[in-house]
Amino acid sequence: MNRISIKIRSGKFGIPLRILFFLTAATVVAAVSGCARNVKKSAPLPVIPQGSGLATAGKFRAVAIEDMDNDGKLDIVGGAFSSGMVTINYGDGQGGISRPYRLPITGDVRSVAVLDVNQDGLADIAYSVQKESSGIRVFLNRSQRRWETAKGPIEINKYEGIKSADINGDGHMDIVAANATSTTQGGIQVWLGDGKGNWPIETGPTISGRYMDVLVADFNNDGNLDLVGSGWGAQGALRFWFGDGAGNWSSTHPLEKGSYYGLSTGDVNGDGHFDILAGSHRKGVRIFVGDGRGKFRRIFSPAEIMERRAKGQKQTTSGVGDYPRPEKNRSFWQVLALDLNQDGHSDILAGSLDSQGIRAWRNLGNKGWKTFGGEFPNSGNYYGLAVADIDEDENPDVCAASDGEGIKIFPGKDKAFRITRRQIERIETSGAFGDPTAQLENDVFKTVDGKPEYKIDPGDILEITFWEGTLPQKEEILVRPHGKISFGFVEDLSAKGLTASELDQKLTSYLKEYVKNPRIDVVVKKHNSKFVQVMGAIGSRGESSGAGKYLLKGKSTVLELIPQAGGPNPDANLNDVRIRRKNGQTVSLNLFKTINQGDLSQDLVLNDGDLIFIPNVTKDGSRVYVFGEVEQPGAYTFSGTNFRLFDAISEAGGATVFASPESTRIVRGDPTRPEFIDVNLKSLIEEGDQTQNMILAGGDLVYVPRSGWGTINVANKRIRPLMELILWPARTIIDWYNAADIISTGGID
């Protein structure tokens, strides 16, 4: 019988013994001994008590456990989507953890991965982010618990789960990510790192389909890492790709169709081979056992086992059997395999998305599963899960990312985690992605005595007033290219980076050598050194407004500057204002949130060299067409990028009584090569199945038929005249009648 053998190297990230409990979804799995067998009635008592929360509060999506400061003790990394931030709680190896170090981010953090990006021996953090920022970003570890932002492999698209691994075996860590942008702009992407913080090569097995997570492991024991992706939506499925060790991939048939969330590996049947555990949308926990050759078969989940028991059992006098009937259609984000009661079997832990808390099931070997009676919460939503021996007591400790209560810890024995009373150092970040209202300094200003003051730089003109009694002597001085000035007896005094008040104090100190009790005033007369550029849908109200360059005179936000530039045009798309920074990073802002909801996180503080681009709401690019059995067929415009199927159907007055909503079709592309996307509108409306609520793109045609579509050829033949009418409006009147025929008859019969 084969067994999984895990070798941990010392140093860097290796934590012998304790890391055996760290069951992440990437490449680490707990070694489980023994084959599936019956469990004696006198099973050991549960060893995981009720969890206690960390000091961190908020809505968290991700959690990871790793030694972040090279002290040999495991630490906890979390990713929050409200308010956006990455947190680090440093551990002392005895159950003590520091208060959270917060690395603020403008946007929603979806996933985190720990890796050494630049091979300096320190654990860095990669994270996926959406909304105000996008793509995959990086925090570099600068030792002594200090961090700075760095450029990640990509700054566009909506990425969900990310993992790190050495895909091509070159000794450098790579990043693998699940792309959930859209069905046509999605897939699984892989960026190969060069060990210097760069990502020169992008590869991956697919660029289509929405994916929520990705799993990396060697499933066929050929020495090369393989990939599993959790697809989501109308075309979702669990998909598997074999890797060749050079960044190339070969696909297989999907393991199962449906919508899936988090992925992890385990060995639930004790055969020494990797198994796949997946959280799903409305299908409960899904388990696929592997044979070590890259083939998998699905086994009954805990809910299915209990359902079978409930159907076959005898009822008691109260009408309820020994096994209560489980609730159907439950959703779980992530599923972990770990031995909860130390009986040698891998049990299961899953985070609920239906406000059911954390569910746990004991592995009964060939008898299936039984609900675990541990003290896990029975309410709330939980996303990412991680497990490791944080307090070095040889028992697994569970960390869970909760929706509202931060990161919660469930220690593997009956003791509570305490908050260590250590001084928390200030977190230094070089990017300007923190909360704008809390930002204290950038290249334009710094906060002095609680007030923002402009930073002096070459090109600025200063007005220095020297007081002789009650008489002022004023002099205008240009800050020279090297950042120095000369005034009176003082030559070549460096003013670069100082505020007016700081320069006043510095100059007064120098003048004391020549003048008794000197009194001077320093003000910036002309601000010439810092600017931003405004482009796009900006109004023009005179010579000093419109698109162009605007000087910054201190701390300014986007909404403060736009009116100075002439204000937005009537067709400006304020849902998607883009800011491009000097370091190449891009931020996306929804200014309507600030205007209508008071969300100040969207009103970014500007920095020197920023480029502000305000896009137009294009007439064709932000319009969808709804036809067929709806109350008000026609064209509907929208702004932003989050217009969904239900929005379009609602705008069209809903489906008629003659509609076949389960056969709804979205048609995308040009008439010569249309793409047909099948969606079940009935399931969306009646059951709330959000996997069918697809995001629409500009130019999409939504068609609700009266009856089924038939074959693709028939659908294409019937729908093409309507597409030509929409996309090529100069067609003859005959096309209009063809389109009218389709609409009036309910479409394809």
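Along each chain, numbering runs from 1 in the same order as the chain's sequence is written. Residues qualify for local features only when their pLDDT is at least 70, as the model is predicted, and side-chain atom pairs are given and counted only at 80 or more; totals for whole chains, interfaces and linings, by contrast, use all residues. With hydrogens and water set aside, each side-chain value is computed from the structure's full complement of heavy atoms.

Caption draft 1: Looking closely at the overall build of the protein. Only runs of H or I of at least four residues qualify as helices and only runs of E of at least two qualify as strands under DSSP, and these elements are numbered from the N terminus. Secondary structure summary: the protein contains eight helices and 48 strands in total. Each residue gets one of three labels from its accessible area relative to the maximum for its type: buried under 20%, exposed over 50%, partly exposed in between, using a 1.4 Å probe on protein chains only. Buried residues in the protein amount to 56% of all 749 residues. Sequence separation of at least 24 residues holds for 55% of the intrachain contacts in the protein that already meet a minimum separation of 6. Using a 1.4 Å probe, accessible areas were evaluated by the Shrake-Rupley method; residue-level cover was limited to the displayed protein chains. Roughly 32,900 Å² of accessible area belongs to the protein as shown, and the carbon and sulfur atoms make up 48% of that amount. We call two residues in contact when some of their heavy atoms are within 4.5 Å.

Caption draft 2: The arrangement of the confidence of the model for the protein in detail. In the predicted model, the protein carries a mean pLDDT of 80, and 78% of its residues have values of at least 70. Segment residues 709-715: pLDDT under 50, and 14 contacts once partners within four positions in sequence are set aside and those in other chains are kept. What pLDDT reports is the predictor's confidence in each residue, on a scale of 0 through 100.

Caption draft 3: How the structure looks around unusual backbone geometry. With phi around 60°, Ser355 is a residue other than glycine that occupies positive phi space. By the secondary structure assignment, Ser355 is in the loop between β25 (347-352) and β26 (358-363). Given a relative accessible area of 41%, Ser355 falls into the partly exposed group. The phi dihedral of Glu392 is positive, around 60°, even though this residue is not glycine. With respect to the element layout, Glu392 can be found in the loop between β28 (382-388) and β29 (397-404).

Caption draft 4: Quick peek at the sheet that holds strand β14 (residues 201-206). Pairing is antiparallel in the open sheet, where four strands are placed in the order β11-β12-β13-β14. Only two strands of the sheet have a single neighbouring strand rather than two, namely β11 (159-165) and β14. Direction aside, the axes of adjacent strands within the sheet are offset by 20° on average. In this scheme, strands are said to pair when DSSP sees at least two bridges between them. Relative to β14, strand β13 (residues 187-192) is paired through four bridges, and the arrangement is antiparallel. Opposite Ile188, over in β14, you have Thr206 as the bridge partner. All axes are obtained by fitting lines to C-alpha atoms, using only the stretch in contact for helices, and the reported angles, taken between N-to-C directions, cover 0 to 180 degrees.

Caption draft 5: Region of the structure containing the nonpolar core. Grouping buried Ala, Val, Leu, Ile, Met, Phe, Trp, Tyr and Cys residues that are joined through side-chain atoms within 4.5 Å yields what is termed a nonpolar core. In this structure, Ile485, Leu503, Ile612 and Ile614 are the most contacted members of the largest nonpolar core, which totals 44 residues. Per-element accounting of this core gives the leading share, four residues, to helix α2 (residues 500-511). In terms of domain composition, this core takes at least three residues from each of domain 2 (445-526) and domain 3 (531-614). Residues within four places of Ile614 in sequence aside, it is in contact with Met535, Gly536, Ala537, Ile538, Ile562, Ala572, Leu574 and Val577. Listed in part, the 20 residues of the second largest apolar core include Phe643, Ala652, Ile677 and Val704. Note: domain ranges come from an automatic or database domain assignment.

Caption draft 6: A look at the pairing of strand β20 (residues 260-266). Counting buried positions over the seven residues of β20 gives seven, a clear majority of the element. The sheet contact formed by β20 and strand β21 (residues 275-280) spans five bridges and is antiparallel. Looking at β21, one finds that Thr265 is bridged to Ile276.

Caption draft 7: Region of the structure containing the sheet that holds strand β44 (residues 623-628). Here we have five strands laid out as an open sheet, ordered β45-β44-β48-β46-β47, and mixed in their pairing. Strands with a single pairing partner mark the edges of an open sheet, and in this sheet they are β45 (634-637) and β47 (675-678). The average undirected angle you get between the axes of adjacent strands in this sheet is 25°. Two strands pair when backbone bridges link them, and strand β46 (residues 665-668) and strand β48 (residues 701-704) are joined in this way by three bridges, in the antiparallel orientation. In the sheet register, Arg665 faces β48, and the bridge partner there is Tyr703.

Caption draft 8: How the structure looks around the pattern of salt bridges. Basic side-chain nitrogens of Lys or Arg form a salt bridge, by our definition, when they fall within 4 Å of a carboxyl oxygen of Asp or Glu. For the coordinates displayed, the defined rule picks out 28 salt bridges. For the salt bridge of Arg110 with Glu160, the shortest nitrogen-to-oxygen distance reads 3.2 Å. Of this pair, Arg110 sits in strand β7 (residues 108-115) while Glu160 sits in strand β11, placing them 50 residues apart in sequence. Of the two residues, Arg110 and Glu160, both sit in the buried class.

Caption draft 9: Layout of the environment of Gly135. Counting through the fold element by element, Gly135 comes out in strand β9 (residues 135-141). Judged by relative accessible area, Gly135 falls into the buried class, the value being 0%. Those residues in contact with Gly135 that sit more than four places away from it in its chain are Tyr127, Ser128, Val129, Ile154, Glu155, Ile156, Asn157 and Tyr159.

Caption draft 10: The arrangement of α2 in detail. An ideal rise of 1.5 Å per residue puts 16 Å on 12 residues; α2 measures up with 16 Å between its terminal C-alpha atoms. If you check which residues of α2 are buried, you get Ala500, Leu503, Asp504, Leu507, Thr508 and Leu511. Around the axis of α2, the buried residues are gathered within 130° of arc, so they sit on the same side. Looking at the buried residues of α2, the elements they touch are β33 (451-454), β34 (461-468), β36 (484-487), β37 (490-494) and β38 (520-526). To estimate how far a helix should extend, the number of its residues minus one is multiplied by 1.5 Å. Relevant arc is that of directions from the helix axis to the C-beta atoms, nothing else.

Caption draft 11: Fine view of the side chain of Glu463. For Glu463, the location among the structural elements is in strand β34. Once you skip the residues sitting within four places of it in the chain, Glu463 turns out to touch Lys474, Glu475, Asp521, Val522, Val523 and Lys525.

Caption draft 12: Main features of the packing of aromatic side chains. Here the aromatic set is Phe, Tyr and Trp, taking the six-membered ring for Trp, and pairing holds for ring centres within 6.5 Å; pairs whose planes are under 30 degrees apart are stacked, those over 60 apart are edge-to-face, and all others are tilted. This structure, assessed with the given rule, holds 17 aromatic pairs. With a centroid separation of 4.9 Å and 25° between ring planes, the pair formed by Tyr261 and Trp333 is classed as stacked. Linking Tyr261 in strand β20 with Trp333 in strand β24 (residues 332-338), this pair joins segments that are 72 residues apart in sequence. Residue Tyr261 shares its accessibility class with Trp333, and that shared class is buried. On the numbers, 6.5 Å between centres and 50° between planes, the contact of Phe372 with Phe376 is tilted.

Caption draft 13: Structural detail: the environment of Ile287. Considering the arrangement of structural elements, one finds Ile287 in strand β22 (residues 285-290). With a relative accessible area of 0%, Ile287 lands in the buried category. Along the backbone, Ile287 and Ser301 are 14 residues apart, and their C-alpha atoms lie at a distance of 6.4 Å. Non-local contacts of Ile287, meaning those with residues more than four positions away in its chain, are made with Val268, Ile276, Arg297, Arg298, Ile299, Pro302, Ile348 and Trp369.

Caption draft 14: Structural detail: the side chain of Glu629. Secondary-structure assignment places Glu629 in the loop between β44 and β45. Residue classification places Glu629 among the buried residues on the basis of a relative accessible area of 7%. A polar atom in the side chain of Glu629 sits 2.5 Å from the side chain of Thr656. Two N or O atoms form a polar contact when they lie within 3.5 Å of each other; inside protein one atom must be a possible hydrogen donor and the other a possible acceptor, and for residues adjacent in sequence the pair counts only when both atoms belong to side chains.

Caption draft 15: Expanded view of the pairing of strand β41 (residues 577-580). Residue alternation in β41 divides its side chains into a buried set, Val577 and Ile579, and an unburied set, Arg578 and Arg580. For β41 and strand β42 (residues 586-589), the ladder comprises four bridges, and the chain directions are antiparallel. Residue pairing for β42: Arg578 is matched across the bridge by Ser588. Where β41 hands over to β42, the hairpin turn is made up of five residues, of which Gly584 adopts a positive phi near 90°. The pairing of β41 with strand β43 (residues 611-614) spans three bridges and is antiparallel. Note on β43: the bridge partner recorded for Ile579 is Ile612.

Caption draft 16: A look at the environment of Val448. If you trace the backbone, Val448 turns up in strand β32 (residues 445-448). For the pair formed by Val448 and Glu502, sequence separation is 54 residues and the distance between their alpha carbons is 8.8 Å. For Val448, the contacting residues outside a window of four places in its chain are Glu453, Thr499, Ser501 and Glu502.

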